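Listed below, chain by chain, are the residues.
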Amino acid sequence: MQFTQGLHRAVQQHPEAVATICNGRNTRFRQLQDRVARLAGALRKLGVRNGDHVAMLALNSDYYLHYYLAVPWAGAVVNPVNFRWSLEEIIYSLQDSQSVAIFLDDSHARHADALFEACPFLRFAVFCGEGACPDGLLDLESLVAGAEPIEDAGLGSDETYGVFYTGGTTGKPKGVLLSHRALCSSALALMAEGPFPEGCIGLHVAPMFHLADMMMTTCLLLRGGTHVMLPAFRPDLVLQAVARHRISELLLVPAMLQALVDHPEIGQYDLSPVQHLLYGASPASEALLDRAMKALPDAAFRQVYGMTELAATATTLPPSQHRGEGRANGRLRSAGRGFCHLQVRVADEEGRECARGEVGEILVRGPNVMQGYLNQPEATAAALRDGWMHTGDMGYMDDGGYVFVVDRLKDMIISGGENVYSAEVENAIARHPSVACCAVIGIPSEEWGELVHAAVVLRPGATLSQEALYGHCKELIAGYKCPRSLELREALPLSGAGKVLKTELRQPYWEGRARAVN
């Protein structure tokens with residue numbers, strides 16, 4: 001398996017089909033292959049060697065796909081950088097990976113001087129924006145035009161494709177090393193479930209640096225489908241793109257899905273082209289899914305649960321479980337069953353498999369598991385034990401093999417000796433008609449150790465009191481799980497992957513204490 005094989009296949013089978021659509025540019029697969037081969041030739045001429053890390057700090061564009069293909073074509077390793085990071089975090093990832101070059105777009109070219117100063121091993125920067133190339137940077141179009149195409153280096157299988165940094169929600173980011181096999185096996189397993197059929201058209205609106213959208217990239221590439229890119233998420237632009245380009249495959253994190261289905265003009269657009277809607281990266285409440293399935297009645301909804309360390313895939317909840325008998329059985333609240341290319345189990349602290357229905361840590365083993373964390377052997381040894389990836393997620397498995405994720409291990413609240421899983425509380429809160437989105441954390445209590453605290457964003461014009469919220473939740477979950485305090489916010493803090501930054505929500509309550517949870 002190699003990441004570039006999809007491009008070779010597409011050129012062989014339909015070279016004149018449209019490969020990418022972005023900013024008024026339509027590129028066919030034959031043209032894409034030529035550009036990639038020339039860009040790879042330029043990188044080699046500039047001194048990039050086998051195994052070197054090459055970074056990219058940019059918003060979504062067709063240039064991102066060029067980068068993802070040209071770097072391994074040249075024998076090197078990709079390092080996509082989270083554009084929502086601070087400059088300090090960006091520099092850390094470049095220093096940790098010892099990246100020798102970086103691609104920068106219009107929004108990030110201003111950082112070039114600071115990056116060169118902090119990273120003496122950084123040899124050059126390529127400008128991949130829409131405007132004029134700034135001084136000191138190499139222009140992408142000029143490089144491609146002036147280079148001779150080279151043969152694909154042929155990297156694949158267990159050779160490293162890229163280093164993908166985790167979001168940094170706890171401590172410094174960790175560089176996750178993923179092989180060609182890991183990415184391709186995950187993509188093929190997802191395609192085997194039904195999404196990304198022949199002739200598919202996918203929309204890149206989640207950040208392309210992130211593994212969630214990387215699955216969109218890899219699946220479309222292996223299938224030979226069309227990539228449509230938007231620089232960043234805006235619900236109105238997504239609606240326009242779906243209608244204009246007849247988007248069939250759509251991947252959204254729940255925060256994006258909510259903004260899309262609640263957009264006041266959604267009824268003005270034809271969304272019938274959407275055949276498959278994938279969601280994941282954080283839990284989606286049943287209330288949100290109800291609104292989304294009503295707004296997109298022709299789409300097959302599929303949840304994918306995974307993490308960067310698993311090349312993004314662990315379990316999937318198919319469309320059949322979103323409606324009818326599957327939903328009646330309560331499986332809409334699950335993360336689905338393990339993909340066909342891997343094994344999933346729930347284990348206790350000693351690594352013994354838990355009985356069905358018993359909460360433990362979710363473990364995964366398969367070809368999609370990371371090679372390890374870059375420069376962090378101790379963290380690698382802690383996460384990878386006996387061939388199993390220890391996800392740090394708590395959950396249980398029912399008799400049908402469906403996995404129910406109840407919380408991140410670190411996010412579990414212990415109140416009065418009882419375990420409270422925030423995902424369950426969040427699902428109850430989300431069913432209140434005034435609530436747009438929410439997050440639940442534990443805050444310190446002298447009496448109970450921790451109290452359940454809710455941070456809530458209200459729907460426009462709505463109101464909500466602590467008493468009303470408690471009464472609502474008491475109808476759905478046990479009293480000790482109900483929120484004892486309420487914080488109304490204009491928005492929740494989100495990571496680049498669309499996950500709620502609970503560490504940021506906890507900070508004002510736990511500041512000055514030795515522990516962030518009890």
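Residues numbered from 1 in each chain as written. Predicted model: local features only at pLDDT ≥ 70, side-chain atom pairs only at ≥ 80, totals over all residues. Heavy atoms only, no water.

**Focus on the overall build of the protein chain**
Here is step 1 of the chain: Helix and strand counts for the protein chain come out as 16 helices and 27 strands.
Here is step 2 of the chain: The C-alpha atoms of the protein chain give 23 Å as radius of gyration, which agrees with the globular expectation for 518 residues (24 Å, within 12%).
Here is step 3 of the chain: In terms of overall dimensions, the protein chain has C-alpha extents of about 70 × 50 × 45 Å along its principal axes.
Here is step 4 of the chain: Split by element, the accessible area of the protein chain, about 20,800 Å² in all, is 48% carbon and sulfur.
Here is step 5 of the chain: Averaging the positions of the 45 positive and the 58 negative side-chain charges in the protein chain gives two centres separated by 3 Å. (Helix = DSSP H or I, 4+ residues; strand = E, 2+ residues; numbered from the N terminus. Rg over C-alpha atoms; globule rule 2.2 N^0.38 Å. Areas by Shrake-Rupley, 256 points an atom, 1.4 Å probe, with all protein chains shown as cover. Lys, Arg positive; Asp, Glu negative; His and termini not counted. Charge placed at Lys NZ, Arg CZ, Asp CG, Glu CD.)

**Thoughts on the packing of helix α10 (residues 254-261) against helix α11 (residues 286-295)**
Here is step 1 of the chain: The contact between α10 and α11 brings their axes to 10 Å, and the two run at 55°. As far as their axial angle goes, α11 and α10 are oblique. Helix-helix and strand crossings are classified by hand; for α10 and α11 the assignment is left-handed. Note on element contacts: α11 touches α10 through Leu288, Leu289, Arg291, Ala292 and Ala295, opposite Pro254, Leu257, Gln258 and Val261. (Axes fitted to C-alpha atoms, helices over the stretch in contact; angles between N-to-C directions. Parallel < 35°, antiparallel > 145°, perpendicular 65-115°, else oblique. Left-handed = near helix turned anticlockwise from the far one by under 90°. Contact = heavy atoms within 4.5 Å.)

**Examining the pairing of strand β6 (residues 124-127)**
Here is step 1 of the chain: Here β6 shows no split at all, with Phe124 and Val126 on one side and Ala125 and Phe127 on the other all buried.
Here is step 2 of the chain: Sheet topology note: the strand β5 (residues 101-104)/β6 ladder contains 4 bridges and is parallel. Across the sheet, isoleucine 102 pairs through a bridge with alanine 125, a residue of β6.
Here is step 3 of the chain: With helix α5 (residues 112-118) bridging β5 and its parallel neighbour β6, the resulting β-α-β unit is right-handed. (Buried < 20%, exposed > 50% of the residue type's maximum accessible area, 1.4 Å probe, protein only. Pairing = 2+ DSSP bridges. Right-handed = clockwise from strand over helix to strand, strands pointing away.)

**Observations concerning the sheet that holds strand β26 (residues 449-458)**
Paired through their backbone hydrogen bonds, the strands of a sheet run either parallel or antiparallel.
Here is step 1 of the chain: In spatial order, the strands read β25-β26-β27; together these 3 strands make up an open sheet with mixed pairing. Edge strands, defined here as strands with exactly one partner in the open sheet, are β25 (435-445) and β27 (485-488). Taking each pair of neighbouring strands and ignoring which way they run, the sheet shows an average axis angle of 25°.
Here is step 2 of the chain: In the sheet, β25 pairs with β26 via 10 bridges, with the strands oriented antiparallel. Residue cysteine 438 lies in a different strand from β26, and its bridge partner there is valine 456.
Here is step 3 of the chain: Packed on one face of the sheet, helix α14 (residues 422-430) meets β25 and β26 and runs near 140° to β25.

**Some remarks on the packing of helix α1 (residues 5-13) against helix α2 (residues 29-45)**
To characterise two packed helices, one gives the angle between the axes of the helices and the distance between these axes.
Here is step 1 of the chain: Taken N-terminus to C-terminus, the directions of α1 and α2 make an angle of 135°; their axes are 9 Å apart at the nearest point. Relative to α2, the element α1 lies oblique. Pair α1 / α2 crosses with left-handed handedness. Residues Leu7, His8, Ala10 and Val11 of α1 touch α2, and the partners they reach there are Phe29, Arg30, Leu32, Gln33 and Val36.
Here is step 2 of the chain: Along the lines of polarity and charge, the residues of the contact of α1 with α2 split into 6 nonpolar, 2 polar and 1 charged. (Nonpolar A, V, L, I, M, F, W, Y, C, P; charged D, E, K, R; others polar.)

**Quick word on the sheet that holds strand β1 (residues 18-22)**
Here is step 1 of the chain: Taking strand neighbours across the sheet as the criterion, the 9 strands line up as β2-β1-β11-β10-β12-β13-β14-β15-β16 in an open arrangement whose pairing is mixed. Edge positions in the open sheet fall to β2 (25-28) and β16 (337-338), since each of these has one partner strand only.
Here is step 2 of the chain: Direction of pairing for β1 relative to strand β11 (residues 226-229): parallel, over a ladder of 2 bridges. Across the sheet, isoleucine 21 pairs through a bridge with valine 228, a residue of β11.
Here is step 3 of the chain: Against the sheet, α2 touches β1 and β2, its axis set at about 90° to β2.

**Focus on the nonpolar core**
Here is step 1 of the chain: Ranked by size, the top nonpolar core spans 146 residues in total, and within it Phe103 and Phe301 carry the most contacts.
Here is step 2 of the chain: Here phenylalanine 301 is in contact with Leu257, Leu277, Tyr279, Leu289, Ala292, Met293, Leu296, Leu317, Pro318, Pro319 and His322, once residues within four sequence places are set aside.
Here is step 3 of the chain: Formed by 16 residues, the second largest nonpolar core is a distinct cluster that contains Val420, Val435, Cys438 and Leu464. (Core = buried A, V, L, I, M, F, W, Y, C linked by side-chain atoms within 4.5 Å.)

**A closer look at the state of the cysteines**
Here is step 1 of the chain: Tallying each qualifying case throughout the model produces 0 disulfides.
Here is step 2 of the chain: Unpaired in this structure, cysteine 184 has its nearest cysteine sulfur neighbour in cysteine 219, at a distance of 9.8 Å.
Here is step 3 of the chain: Accessibility expressed as a relative area gives 1% for cysteine 184, which makes it buried.
Here is step 4 of the chain: Cysteine 200 takes part in no disulfide bond, and the closest cysteine sulfur, belonging to cysteine 219, lies 8.6 Å away. (Disulfide = S-S within 2.5 Å.)

**Thoughts on the environment of valine 369**
Here is step 1 of the chain: Tracing the backbone through its elements, the reader meets valine 369 in the loop between β18 (360-365) and β19 (372-373).
Here is step 2 of the chain: For valine 369, a relative accessible area of 13% corresponds to the buried category.
Here is step 3 of the chain: Between the C-alpha atom of valine 369 and that of glutamate 353, which follows or precedes it by 16 residues, the distance is 19 Å.

**Things to note about α2**
Here is step 1 of the chain: Between its first and last C-alpha, α2 extends 24 Å over 17 residues, near the 24 Å set by a 1.5 Å rise per residue.
Here is step 2 of the chain: Three or more residues of α2 are buried, namely Phe29, Leu32, Arg35, Val36, Ala37, Leu39, Ala40, Gly41, Ala42 and Leu43. (Expected span 1.5 Å × (residues − 1).)

**Notes on the side chain of serine 99**
Here is step 1 of the chain: Relative to the assigned elements, serine 99 resides in the loop between α4 (87-97) and β5.
Here is step 2 of the chain: With a relative accessible area of 0%, serine 99 lands in the buried category.
Here is step 3 of the chain: A distance of 2.8 Å separates a polar atom in the side chain of serine 99 from a polar atom in the side chain of serine 97.
Here is step 4 of the chain: Each residue touching serine 99, except ones within four places of it in the same chain, is listed here: His53, Ala55, Asn79, Leu94, Phe121 and Leu122. (Polar contact = N/O pair within 3.5 Å; in protein donor to acceptor, adjacent residues only side chain to side chain.)

**Side note on the environment of valine 346**
Here is step 1 of the chain: Structurally, valine 346 can be placed in strand β17 (residues 343-347).
Here is step 2 of the chain: Distance in space between the C-alpha atoms of valine 346 and glutamate 361 is 5.4 Å, their sequence separation being 15 residues.
Here is step 3 of the chain: Residues within four places of valine 346 in sequence aside, it is in contact with Arg352, Glu353, Cys354, Glu358, Val359, Gly360, Glu361, Ile362, Gly395, Tyr396 and Met397.

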